[in-house]
Amino acid sequence: MATSKTRDWSSIAAAARESREQKLAKWLPNPELIPHPLPLNVRSLPQTCGVLTERQIAITESTPRHILSNISKGHWTAEEVLVGFCYRAGFAHLLTNPLSDVIFEDGIQRARMLDAYFRKHGKTVGPLHGLPISLKDNHSLAGHDVTLGFVCNVNKPRKTTAPLLQVLLDQGAVFYTKTNVPQNLASGACINYIFGRTTSPFNTGLSAGGSSGGEGSLVSLGGSPLGLGTDAGGSIRNPANYNGIFGFIPSAGRLPCHAPENSSGQEAVAVVAGQLCRSLDGLELYTQTLLASKPWEWDYRIVEIPWRQERYEDGLGKRGKLCFGIVRHDGVVLPHPPIQRGMKEITEGLLAAGHQVIEMDPFLGSEMLQVIMRIVSADGGEDIRRTVKILDEPLVPEFDIPTVSNRLEAEEFWDWSKKKNILRAEFLSRWQATAKKTLTGRPIDGMLLPSGAHVSPPHGSKVYLLYEAISNIMDCTCASIPVGFVDAKLDKAHERISFMSPEDKDNWNRYKPEVYKHAPIALQLMGLRHSEEKVLGLMRTINKALGRGEEYQA
């Protein structure tokens, strides 16, 4: 029998969805233009099914810098740019359900204000003038909810805008939508009881990832030129991998994230804010623009390191050939055949370009897995259980939450934090020791590693996340780079006799290429702490080795 609380949470969630649909109504396409039934792979539909005008396609297929250039030259207005993205985001929502809080009309009003300023003064308000930026649910924008995927947080709009978002607004950015997240954010899937499940556009039967899953899916479909997410264990790179786009996270203390009052308070493995984009252009633009704002003057956590062009050029290989280290597996779970093929192809491309690639020993995977699981589970799941109890909201069944037995006392938490520090020291030592193997005489310039143990999995599947969490545990700069797609002919399943762990056996036995049809393949590129410029340059080098041009968009 339904209780009053049950009716409360379900009716609140239903009302939130109804409000979203009402706000979207005027932006949705003519139903006659939409294929019925929808194909499994909907990625190309925004460009091909006649929903957008040719001009809107040109706008929404542009890189962020190209958008800004056209606005600053008066070729496009901020309003028409945003209108194009609103129509495309609305269509994207019908395909994969990425949106949560739809604020198109607020965005239109702001774009008109920017256009009025441009007409009056003949110049832009700042370096991001008119650029639409989508926001993950957990970014604090005055007047809008931060739900974290919990129904009890609906209709509780924030009173203030986070300093990071305010700086982006001051530079001319236009916020027009927030995007979906998993319940409690702590998942590699994107589903909650408020807004439902978000899927990958390459195969709607597969996960969009988490916790920035709405951002990943929306950006992939061209509904946003630049998405702002957060990451504490793969939450940007996992969705970037699953949706076939680029993702980038800084190391802690380099780029701003949440306001202090909105932070988790857990700093042993810090949360960072980063970007998702179809092009490297957007990742570079955001990083350079934010550093130019001198964030160390308005965020106490940020170290005073301005943009270093020479480090970026180091990553481009302007001072000589480069050396990459490659780690084939984490010592716990061997990646599926498509990811192994992606690593082979990227190695061959770099070698053909004249760079060196050296094999590196597996990580201390089992130790890392223990450390991050104990640290992030330190409260024994108390915060989650306390939050859902407010309205008796059920937990999403496919998510595992910590048990009371996982709870750590203060001294135990300090011990696990100490173990993390020991692992970081060992990792740095191994990195520096590579100088003995490189032809450059220097340590490796960057490290290539699998994007995960598998590509985007079917909904409800178990997800192995250590690969994406390694950079967070080590506090390293890290990026995701799309390299291809699952091919049943090239990525055949084959039997293995021995396994590294029970997780390895379980993961391997679940692989069937037909299950992962059309799924993107991605790899990760990792640099040392505060190596953001160099990692961005290395991404350019890898793109070039893969035969991609400067303006390549995934």
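This is a predicted model, so every value here is computed, not measured. (Residues numbered from 1 in each chain as written. Predicted model: local features only at pLDDT ≥ 70, side-chain atom pairs only at ≥ 80, totals over all residues. Heavy atoms only, no water.)

K.L.:
Tell me what's going on with the nonpolar core, and back it up with residues and numbers.
P.N.:
In this structure, Phe 104, Leu 165, Leu 168, Phe 175, Leu 228, Leu 525 and Met 539 are the most contacted members of the largest nonpolar core, which totals 90 residues. The biggest single contributor to this core is helix α5 (residues 78-96), with 10 residues. Setting aside residues up to four positions removed in sequence, Phe 175 forms contacts with Ile 103, Gly 107, Ile 133, Leu 135, Leu 141, Leu 165, Leu 168 and Leu 169. Core analysis: the next-biggest nonpolar cluster, separate from the first, contains 42 residues, Val 327, Phe 363, Val 371 and Cys 476 among them. (Core = buried A, V, L, I, M, F, W, Y, C linked by side-chain atoms within 4.5 Å. Buried < 20%, exposed > 50% of the residue type's maximum accessible area, 1.4 Å probe, protein only. Helix = DSSP H or I, 4+ residues; strand = E, 2+ residues; numbered from the N terminus. Contact = heavy atoms within 4.5 Å.)

K.L.:
An account of the packing of aromatic side chains is needed here, citing residue identities and associated values.
P.N.:
Under the counting rule described, the total for this entry stands at 10 aromatic pairs. Their ring planes at 45 degrees and their centres at 5.1 Å tell us that Phe 202 and Phe 485 sit as a pair that is tilted. Taken together, the positions of Phe 202 in the loop between β6 (199-200) and β7 (203-207) and Phe 485 in strand β14 (residues 478-485) put the pair 283 residues apart, joining distant regions of the chain. Since its relative accessible area comes to 6%, Phe 202 is described here as buried. (Phe/Tyr/Trp six-rings, centres within 6.5 Å; stacked < 30°, edge-to-face > 60°.)

K.L.:
How would you summarise helix α17 (residues 502-509) if you had to cite specific residues and measurements?
P.N.:
Of all the positions in α17, only Asp 504, Asn 507 and Trp 508 are classed as buried. All buried residues of α17 lie within an arc of 95 degrees about the axis, which places them on one face of the element. Packed against the buried residues of α17 are α12 (337-352). (Arc of directions from axis to C-beta.)

K.L.:
Now, about empty space enclosed by the protein: what can you tell me, with residues and values included?
P.N.:
Counted by the stated rule, this structure contains 3 cavities of 30 Å³ or more. The computed volume of the largest cavity comes to approximately 50 Å³. Each residue belonging to the lining of the largest cavity can be placed in one class, and the counts come to 5 nonpolar, 4 polar and 1 charged. (1 Å grid on protein atoms, 1.4 Å probe; cavity = no way out; pocket = protein on both sides within 12 Å on 5 of 7 lines; lining within 4 Å. Points joined across faces, edges and corners; volume = space filled by probe spheres on them. Nonpolar A, V, L, I, M, F, W, Y, C, P; charged D, E, K, R; others polar.)

K.L.:
Help me get a handle on a negative patch on the surface, residues and values and all.
P.N.:
A cluster of like negative charges, contributed by Glu 409, Glu 411, Glu 412 and Asp 415, occupies part of the molecular surface. Relative to the assigned elements, Glu 412 resides in helix α15 (residues 410-433). A residue is classified by how much of its surface remains accessible, and Glu 412, at 36% relative accessible area, is partly exposed. (Patch = residues over 30% accessible without salt bridge, like charges linked within 9 Å, V, L, I, M, F, W, Y side chains within 5 Å. Areas by Shrake-Rupley, 256 points an atom, 1.4 Å probe, with all protein chains shown as cover. Salt bridge = Lys/Arg side-chain N within 4 Å of Asp/Glu carboxyl O. Lys, Arg positive; Asp, Glu negative; His and termini not counted. Charge placed at Lys NZ, Arg CZ, Asp CG, Glu CD.)

K.L.:
I'd like a rundown of the pattern of salt bridges, residues and numbers included.
P.N.:
Scanning the entire structure with this criterion turns up 31 salt bridges. For Glu 533, the salt bridge is made with Arg 308, and the minimal N-O distance between the two is 2.9 Å. Of this pair, Glu 533 sits in helix α18 (residues 532-545) while Arg 308 sits in the loop between α10 (280-292) and α11 (309-316), and the two are 225 residues apart along the sequence. Note on Arg 308: relative accessible area 15%, which makes it buried. Residue Lys 344 pairs with Glu 348 through a salt bridge whose shortest N-O separation is 2.6 Å. Residue Lys 344 and its partner Glu 348 are both found in helix α12; the two are separated by 4 residues, about one turn of the helix. Take Lys 344: its relative accessible area is 48%, and that puts it in the partly exposed class.

K.L.:
Break down the environment of Glu 550 for me, citing the residues and quoting the values.
P.N.:
Structurally, the position occupied by Glu 550 is in the segment after α18. For Glu 550, a relative accessible area of 60% corresponds to the exposed category. Measuring from C-alpha to C-alpha, the distance between Glu 550 and Lys 178 comes to 29 Å, with 372 residues separating the pair along the chain.

K.L.:
Any details on the side chain of Ser 501? Residues and values, ideally.
P.N.:
With respect to the element layout, Ser 501 can be found in the loop between β14 and α17. A residue is classified by how much of its surface remains accessible, and Ser 501, at 14% relative accessible area, is buried. A polar contact of 3.3 Å, which involves the side chain of Ser 501, links it to the side chain of Glu 503. Of note is the side chain of Ser 501, whose polar atom sits 3.0 Å from the backbone nitrogen of Asp 504. The residues contacting Ser 501, other than those within four sequence positions of it, are Val 332 and Val 333. (Polar contact = N/O pair within 3.5 Å; in protein donor to acceptor, adjacent residues only side chain to side chain.)

K.L.:
Describe in detail the sheet that holds strand β12 (residues 356-359), supporting the description with residues and values.
P.N.:
Strand order across the open sheet formed by 11 strands is β1-β3-β2-β8-β10-β9-β14-β15-β13-β11-β12, with mixed pairing between neighbours. Where the open sheet ends on each side, the last strands, each with one partner, are β1 (99-102) and β12. Neighbouring strand axes in the sheet, compared pairwise and without regard to direction, differ in orientation by 30 degrees on average. Across 2 bridges, strand β2 (residues 132-136) lies against strand β8 (residues 227-231) in parallel orientation. The partner of Ser 134 across the bridge, within β8, is Gly 227. (Pairing = 2+ DSSP bridges. Axes fitted to C-alpha atoms, helices over the stretch in contact; angles between N-to-C directions.)

K.L.:
A description of the environment of Gln 309 should follow, citing residues and the corresponding values.
P.N.:
Topologically, Gln 309 is positioned in helix α11. We classify Gln 309 as partly exposed; its relative accessible area is 35%. The spatial distance from the C-alpha of Gln 309 to the C-alpha of Lys 534 is 8.8 Å, given a sequence separation of 225 residues. At 2.8 Å, the side chain of Gln 309 and the side chain of Trp 307 are in polar contact.

K.L.:
Give me the lowdown on the packing of helix α4 (residues 64-72) against α10, citing residues and values where you can.
P.N.:
Viewed as axis vectors pointing N to C, α4 and α10 meet at an angle of 70 degrees, and their least axial separation amounts to 7 Å. On the basis of the axis angle, α4 is roughly perpendicular to α10. When α4 is examined against α10, the residues Pro 64, Arg 65 and Leu 68 are found in contact with a partner set consisting of Asp 281, Gly 282, Glu 284, Leu 285 and Gln 288. (Parallel < 35°, antiparallel > 145°, perpendicular 65-115°, else oblique.)

K.L.:
So what's going on with the layout of surface pockets? Residues and values would help.
P.N.:
Counted as a void, the second largest pocket has a volume near 320 Å³. Taken together, 20 residues line the second largest pocket, and the ones lying closest to its centre are Ser 19, Lys 23, Ser 100, Asp 101 and Val 102. In terms of residues, the lining of the second largest pocket owes the most to one element, helix α1 (residues 4-24), which gives 4 residues. Its residues assigned to classes, the lining of the second largest pocket comprises 6 nonpolar, 6 polar and 8 charged.

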